[in-house]
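A structural walkthrough
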Amino acid sequence: LRLDGFIVPLNDEYHGEYVPRRAQRLSWLTGFTGSAGVALVLADKAAFFTDGRYTLQAREQVEGELFSFHHVVEEPPHEWLGRNLGPGKRFGYDPWLHTLDGVGRLRQACADAGSELVAVERNPVDAVWPDQPPAPISPVRPLAITYTGEAAADKRSRIAHDLVAAAATAAVLTLPESIAWLLNIRGGDVPHTPLPLSFAVVKADGAVTLFIDRRKLMPGLDRHLGNQVTIEPPDRLGAALDALAREGSIQVDPASAASWVFDRLAASGAQIHRDADPCLLPKACKNPVEIAGTRAAHLRDGVAVTRFLAWLAGEAPKGGLREI
């Protein structure tokens, strides 16, 4: 590749808040375990960026002799790159780990420095990470209409109607929470969030192709999904995007989808319609069943907090407690 530098963000290809152990490249490289950070590595220097929540933690976990420390908002990575990357250099990035907007900022910074931004096919961190964990294969299960308040078929019909109105023949879904909502499924691939990591393509006729490892699917899930949902392995996404390019306008969200998706569609000659993920707004508008579920969850949470506060009120005056 002949790279003169590389960027390592705290992202995976799904760009969610939490990432599985396999995608924790930043932690493996730097030792940082917080939830917000990015490292820029050049041949002669390296920089680590995080926000105000992790100022102390970053300096405790990241080697100060190797990395300089910066605030991700006050001194964004692309600005540091523009000042420190010399002319004629080749700076690498993994197109799965950056959105289109993020790549645009990096490309401009490289151009300002007289250098070139280079997409890599294989992340170099993966090449040198000897015990990188495997991809998660937590079970994927259906979520009953008792909790969703709307059948997946009806949700697919609504999204299809919106695609027709937008003159799009299909939409590429890259946010696992959108896919979980649309198909009424839940999983456990990442901490704290019941999401199955996956991609999907939803078409203007309501048909969906779900790109997911079949080993995750619990018995009976095919029946829950129905005949209009097709299962494909994740490595078939590229070929599916190539085929979509011949079908018309394809809707993709530039704020959340990996730039790899745009690159693949563009290389296939697709007509790309840049717009928000079509599931975001419908998912945010809760129906009565979802509202009732939220209230019930708050009641259970309130009971737990009340019990804790009652215990604390009795134990704290004894003087034997520490803050932790």
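Residues numbered from 1 in each chain as written. Predicted model: local features only at pLDDT ≥ 70, side-chain atom pairs only at ≥ 80, totals over all residues. Heavy atoms only, no water.

Examining the pairing of strand β12 (residues 229-232)
Note the following rule: Summary of the burial criterion: residues with accessible area below 20% of their type's maximum are buried, those above 50% are exposed, and those between are partly exposed, where the area comes from a 1.4 Å probe applied to protein chains only. Each helix is a run of H or I in the DSSP string that is no shorter than four residues. Each strand is a run of E no shorter than two, and both are numbered from the N terminus. By definition, two strands form a pair when at least two bridges between them are found by DSSP.
Across the two faces of β12 the burial differs, with Val-229 and Ile-231 buried and Thr-230 and Glu-232 not buried at all. Where strand β11 (residues 208-211) and β12 come together, four bridges link them in parallel fashion. Of the residues in β12, the one forming a bridge with Val-208 is Val-229.

Here's the deal with the sheet that holds β11
Our working rule: Only the stretch in contact is used when fitting a helix axis, every axis being a line fitted to C-alpha atoms; angles between N-to-C directions are given from 0 to 180 degrees.
Ordered by their spatial adjacency, six strands build an open sheet running β12-β11-β10-β8-β13-β14, and the pairing between neighbours is mixed. Looking at strand neighbours, the two that pair on one side only are β12 and β14 (271-274), the edges of this open sheet. If you compare each strand with its neighbour and ignore which way they point, the axes differ by 25 degrees on average. Two elements, strand β10 (residues 199-203) and β11, share four bridges in a ladder whose sense is antiparallel. Pairing of Ala-200 across the sheet is with Leu-210, part of β11.

Let's talk about the packing of aromatic side chains
How we decide: Ring pairs are drawn from Phe, Tyr and Trp, using the six-membered ring of Trp, whenever the two centres fall within 6.5 Å, and their geometry is named by plane angle: stacked under 30 degrees, edge-to-face over 60, tilted for the rest.
One pass over the full model with this rule turns up eight aromatic pairs. The interplanar angle of 90 degrees and the centroid separation of 5.4 Å between the aromatic rings of Phe-32 and Tyr-54 together place this pair among those described as edge-to-face. With Phe-32 in the loop between α1 (25-30) and β2 (38-42) and Tyr-54 in the loop between β3 (46-50) and α2 (55-61), this residue pair connects regions lying 22 residues apart in the sequence. Three or more aromatic residues joined by ring pairs form one cluster here, namely Tyr-14, Trp-96, Phe-199 and Trp-260.

Describing the nonpolar core
Grouped burial of nonpolar side chains is what soluble globular proteins tend to show. Test applied: We call a set of buried residues a nonpolar core when its members are Ala, Val, Leu, Ile, Met, Phe, Trp, Tyr or Cys and they connect through side-chain atoms within 4.5 Å of each other. Here, residues are in contact when the closest pair of their heavy atoms is within 4.5 Å.
Judged by nonpolar contacts, the single largest core of 22 residues is most densely connected at Leu-182, Leu-183, Leu-210 and Leu-225. Put simply, the parts of the chain that give this core at least two residues each are α7 (152-165), β8 (170-173), α8 (176-183), β10, β11, α9 (221-225) and β12. Looking at this core, the element that brings in the most residues is α8, giving four residues. Not counting residues within four places of it along the chain, the set of residues in contact with Leu-182 comprises Ala-152, Lys-155, Arg-156, Ile-159, Leu-173, Val-208 and Cys-279. Formed by 21 residues, the second largest nonpolar core is a distinct cluster that contains Val-172, Val-201, Val-252 and Trp-260.

Quick look at the pattern of salt bridges
Once their charged atoms are close, side chains differing in charge can pair, the charge on each being opposite to the other. Selection rule: Whenever Lys or Arg places a side-chain nitrogen within 4 Å of a carboxyl oxygen from Asp or Glu, that contact is recorded as a salt bridge.
Counted according to the given criterion, the structure contains twelve salt bridges. In this structure, Arg-90 engages Glu-116 in a salt bridge whose closest nitrogen and oxygen atoms are separated by 3.4 Å. Of the two residues, Arg-90 sits in strand β5 (residues 90-93) while Glu-116 sits in strand β6 (residues 116-119), which places them 26 residues apart along the sequence. Residue Arg-90 is classed as buried on the basis of its relative accessible area, which comes to 18%. Arg-264 serves as the salt-bridge partner of Asp-242, at 2.8 Å between the closest nitrogen and oxygen. One end of the pair, Asp-242, is in helix α10 (residues 237-244); the other, Arg-264, is in helix α11 (residues 259-267), with 22 residues separating them in the sequence.

Topic: the layout of surface pockets
Applicable threshold: Cavity and pocket criteria rest on a 1 Å grid covering protein atoms alone: a 1.4 Å probe that fits but cannot get out defines a cavity, protein on both sides within 12 Å along at least 5 of 7 lines defines an open pocket, and an atom within 4 Å of a point defines a lining residue. Grid points are joined across faces, edges and corners, and a volume is the space filled by probe spheres set on the points.
Volume-wise, the largest pocket comes out at about 790 Å³. Elements that contribute at least two residues to the lining of the largest pocket include exactly α10 and α11.

Re the packing of α7 against α8
Going by this rule: Here the angle decides the label: under 35 degrees means roughly parallel, over 145 means roughly antiparallel, 65 to 115 means roughly perpendicular, and every other value means oblique. Note that Gly is not counted as nonpolar here; it falls among the polar residues with everything else outside the nonpolar set of Ala, Val, Leu, Ile, Met, Phe, Trp, Tyr, Cys and Pro and the charged set of Asp, Glu, Lys and Arg.
Closest axis-to-axis distance for the α7/α8 pair is 7 Å, and the angle between their directions is 120 degrees. The orientation of α7 relative to α8 falls into the category oblique. Contact with α7, carried on its side by Ala-152, Lys-155, Arg-156, Arg-158 and Ile-159, involves Trp-181, Leu-182 and Leu-183 of α8 and no other residues of that element. Along the lines of polarity and charge, the residues of the contact of α7 with α8 split into five nonpolar, no polar and three charged.

Here's the deal with α7
Short version of the rule: Here the expected span of a helix is defined as 1.5 Å times the quantity of residues minus one. The directions considered for the arc run from the helix axis to the C-beta atoms.
The end-to-end C-alpha distance of α7 is 20 Å, a good match for the 20 Å that 14 residues give at a rise of 1.5 Å each. For α7, the set of buried residues is Ala-152, Lys-155, Arg-156, Ile-159, Ala-160 and Leu-163. Buried residues of α7, viewed axially, fall in a sector of 135 degrees; they line one side. With respect to the buried face of α7, the exposed residues turned more than 90 degrees away are His-161, Val-164 and Ala-165. Downstream of α7 by a residue or two, Ala-167 has a phi angle that is positive, lying close to 60 degrees.

Details of the sheet that holds β6
An order of β4-β3-β2-β1-β5-β6 is seen for the six strands of this open sheet, with the pairing classed as mixed. Every other strand in the sheet has two partners, leaving β4 (68-71) and β6 as the edge strands with one partner each. For this sheet, the mean angle separating the axes of adjacent strands, direction not counted, is 25 degrees. Both β2 and β3 contribute to a ladder of four bridges, which runs antiparallel.

It is worth stressing that arrangement in space is one thing and function is another; only the former is reported here.
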